[in-house]
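Residue strings, one per chain:
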Amino acid sequence: MTRVRAVDLRLVGLPLVRPFRTSFGQSTEKACILARVETDETWGWGECVADVEPDFSGEFNDGAWLVIREFLAPALLRANDVRAEDLPSMFAFVRGNPMAKATVIDAVLDAQLRAGGTSLASYLGADRDRVACGVSVGITPSTEALLDQVSTYLLDGYRRVKLKIAPALDVDRVRAVREANPEIALSVDANAAYSAGDVEVFRALDAFDLLMIEQPLHHEDLIEHANLQRGLRTAICLDESIRSAADARTAIALGACRTVNIKQGRVGGLLEARAVHDVCADAGVPVWCGGMLETGIGRATNLALAAMPNFTLPGDTSPSARYFRDDLTEPFEMASDGTMAVPTGPGIGVEPDVDRLDACTRRREVLTA
Ligand code: NPG
């Protein structure tokens, strides 16, 4: 049991080494909330995957900050003894807001595991000590720039390349990458930019032997995803549509997808992510670990999750240098075989550098009982 004495919230900002463009916007900087919970014995870290604007989901940094400060942290600080496993039901009085909840739940879980000397990977039942890395390539200014980036990433050793697509920046670009690289594991991610009327785009993409087409349609439209999936050879993967294990169960029952991207922050934290993994494993649906440009704290968390048995496809778990010149933790490195080591220390197994953390902190608030 753990008693939380303080929740130390920071908003940090780190420049990205190259802008990242998706169908919903462009980022040049990673700005996120970090929570450090302090318990009687130890501490734990949680990284919030919300962004500056409510574009990927309805959550955003300033909103998540308020939800944590006004609702989640006070409930946690009032509780005498808690386990991370108690928090999803303790936080049920707050509807939605999975990213804010994940930040606090993951931080308490990290503290609990540090106190017990257990690594997050072994707590989650990981069955390997290295995971295969994929890379997500943002929308580039030209097809030439895209081909250049893809060949650099392939030389780095990545095991799978995912291309961001958007209307009119899709079939021709994917064809060019496929023709230049006939053998690679290739996928595309639309971030919900299309509608049911765009079926011709997906029929054309179906010819490129893709590993999957990720989140083609609106996140609430599972029926349309099922209709589309019935007409395609390529597997549809859902990301934004899956906010919980219940969503995963529904999507699979409807035939709306044949694979699932698990982002622990999008589903309310590591405990729910494990439940999504289990639902998919029971249904024979493979999963993989998504990424949201996390700092080393969120990256350590993702690597532990990605080592669970049903994570059978390479994830968006790239090394630190693909995002940041100076990560907050020791940088994560990828071996030339395209794999990365899963942290083995207690909890998430990493710690941010205090000076670097202070240098990139924009706002800080320490909440106590
Ligand atoms: O390497 O972490 C990464 C980026 C992977 O493409 C990626 N993430 O839609 O999945 C996504 C996208 C994303 C990034 C979404 C940031 C929201 C915020």
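For clarity, every value in this text was computed on a predicted model and none was experimentally measured. (Residues numbered from 1 in each chain as written. Predicted model: local features only at pLDDT ≥ 70, side-chain atom pairs only at ≥ 80, totals over all residues. Heavy atoms only, no water.)

Visitor: So what's going on with the state of the cysteines? Which residues, and what values?
Guide: Should the sulfur atoms of two cysteines be covalently bonded, the bond is a disulfide. This structure, assessed with the given rule, holds 0 disulfides. Between Cys32, a free cysteine, and Cys48, which holds the nearest cysteine sulfur, the sulfur-to-sulfur gap is 7.6 Å. For Cys32, a relative accessible area of 0% corresponds to the buried category. Counting only cysteine sulfurs, Cys257 is the nearest neighbor of Cys280, a cysteine outside any disulfide, at a range of 6.9 Å. (Disulfide = S-S within 2.5 Å. Buried < 20%, exposed > 50% of the residue type's maximum accessible area, 1.4 Å probe, protein only.)

Visitor: Lay out the pattern of salt bridges in plain terms, naming residues and giving numbers.
Guide: Under the criterion given, the structure shown has 25 salt bridges. Of the charged contacts, one joins Arg69 and Glu365 as a salt bridge, the two residues approaching to 3.5 Å between their closest N and O atoms. With a gap of 296 residues between them, Arg69 in helix H1 (residues 61–78) and Glu365 in strand E13 (residues 361–368) connect regions that are remote in the sequence. Classification of Glu365 as partly exposed rests on a relative accessible area of 25%. For the salt bridge of Asp239 with Arg266, the shortest nitrogen-to-oxygen distance reads 2.4 Å. Of this pair, Asp239 sits in the loop between strand E9 (236–238) and helix H9 (245–254) while Arg266 sits in the loop between strand E10 (259–262) and helix H10 (270–282), and the two are 27 residues apart along the sequence. Given the relative accessible area of 0%, Asp239 is considered buried. The buried category is assigned to Arg266, whose relative accessible area is 3%. (Salt bridge = Lys/Arg side-chain N within 4 Å of Asp/Glu carboxyl O. Helix = DSSP H or I, 4+ residues; strand = E, 2+ residues; numbered from the N terminus.)

Visitor: Can you break down the environment of Ala306 residue by residue, with the values?
Guide: With respect to the helices, strands and loops of the structure, Ala306 is situated in helix H11 (residues 296–306). The buried category is assigned to Ala306, whose relative accessible area is 7%. When the C-alpha positions of Ala306 and Arg128 are compared, they lie 9.3 Å apart, and in sequence the two are 178 residues distant. Beyond its immediate sequence surroundings of up to four residues, Ala306 is in contact with Arg128, Val131, Cys289 and Phe311. (Contact = heavy atoms within 4.5 Å.)

Visitor: A description of the sheet that holds strand E2 (residues 25–39) should follow, citing residues and the corresponding values.
Guide: Within a sheet, each strand pairs with its neighbour through backbone hydrogen bonds, oriented either parallel or antiparallel. Here 4 strands make up an open sheet; going across it, the order is E3-E2-E1-E13 and the pairing antiparallel. Across the chains shown, the open sheet's two edge strands, defined by having one partner strand only, are strand E3 (43–47) and E13. Strand-to-strand, the axes of this sheet are offset by a mean angle of 20°, without reference to chain direction. With 14 bridges connecting them, strand E1 (residues 4–22) and E2 associate as antiparallel partners. What sits directly across from Gly13, in E2, is Ala31. The sheet strands contacting helix H3 (residues 98–116) are E1, E2 and E3, and the helix crosses E3 at an angle near 150°. (Pairing = 2+ DSSP bridges. Axes fitted to C-alpha atoms, helices over the stretch in contact; angles between N-to-C directions.)

Visitor: Residues and numbers for the site of the ligand, please.
Guide: In the vicinity of the ligand lie 15 residues, with Ser136, Lys164, Asn191, Lys263 and Tyr323 positioned nearest. Taking Lys263, its side chain carries an N or O atom lying 2.6 Å from an oxygen atom of the ligand. In the model, an oxygen atom of the ligand is placed 2.6 Å from a nitrogen or oxygen of the Tyr323 side chain. Its free accessible area being 430 Å², the ligand has 98% of it covered by the protein chains. Here the residues of the shell around the ligand are counted per class, giving 6 nonpolar, 3 polar and 6 charged. (Near = heavy atom within 4 Å. Polar contact = N/O pair within 3.5 Å; in protein donor to acceptor, adjacent residues only side chain to side chain. Areas by Shrake-Rupley, 256 points an atom, 1.4 Å probe, with all protein chains shown as cover. Nonpolar A, V, L, I, M, F, W, Y, C, P; charged D, E, K, R; others polar.)

Visitor: Tell me what's going on with empty space enclosed by the protein, and back it up with residues and numbers.
Guide: Under the defined criterion, the tally for this structure stands at 2 cavities of 30 Å³ or more. Here the largest cavity is characterised by a volume of approximately 50 Å³. In terms of lining residues, the largest cavity is bounded by Ile139, Leu146, Leu163, Lys164, Ile165, Leu169, Arg173 and Val174. Broken down by secondary-structure element, the contributors of at least two residues to the lining of the largest cavity are strand E6 (160–164) and helix H6 (171–180). (1 Å grid on protein atoms, 1.4 Å probe; cavity = no way out; pocket = protein on both sides within 12 Å on 5 of 7 lines; lining within 4 Å. Points joined across faces, edges and corners; volume = space filled by probe spheres on them.)

Visitor: Provide a residue-level description of H1, including the pertinent values.
Guide: The terminal C-alpha atoms of H1 lie 24 Å apart, and with 18 residues this matches the ideal 26 Å at 1.5 Å per residue to within 8%. Within the sequence span of H1, burial applies to Asn61, Gly63, Ala64, Trp65, Val67, Ile68, Leu72, Ala73, Ala75, Leu76 and Leu77. Contacts made by the buried residues of H1 are with E1, E2, helix H2 (87–90), H3 and E13. (Expected span 1.5 Å × (residues − 1).)

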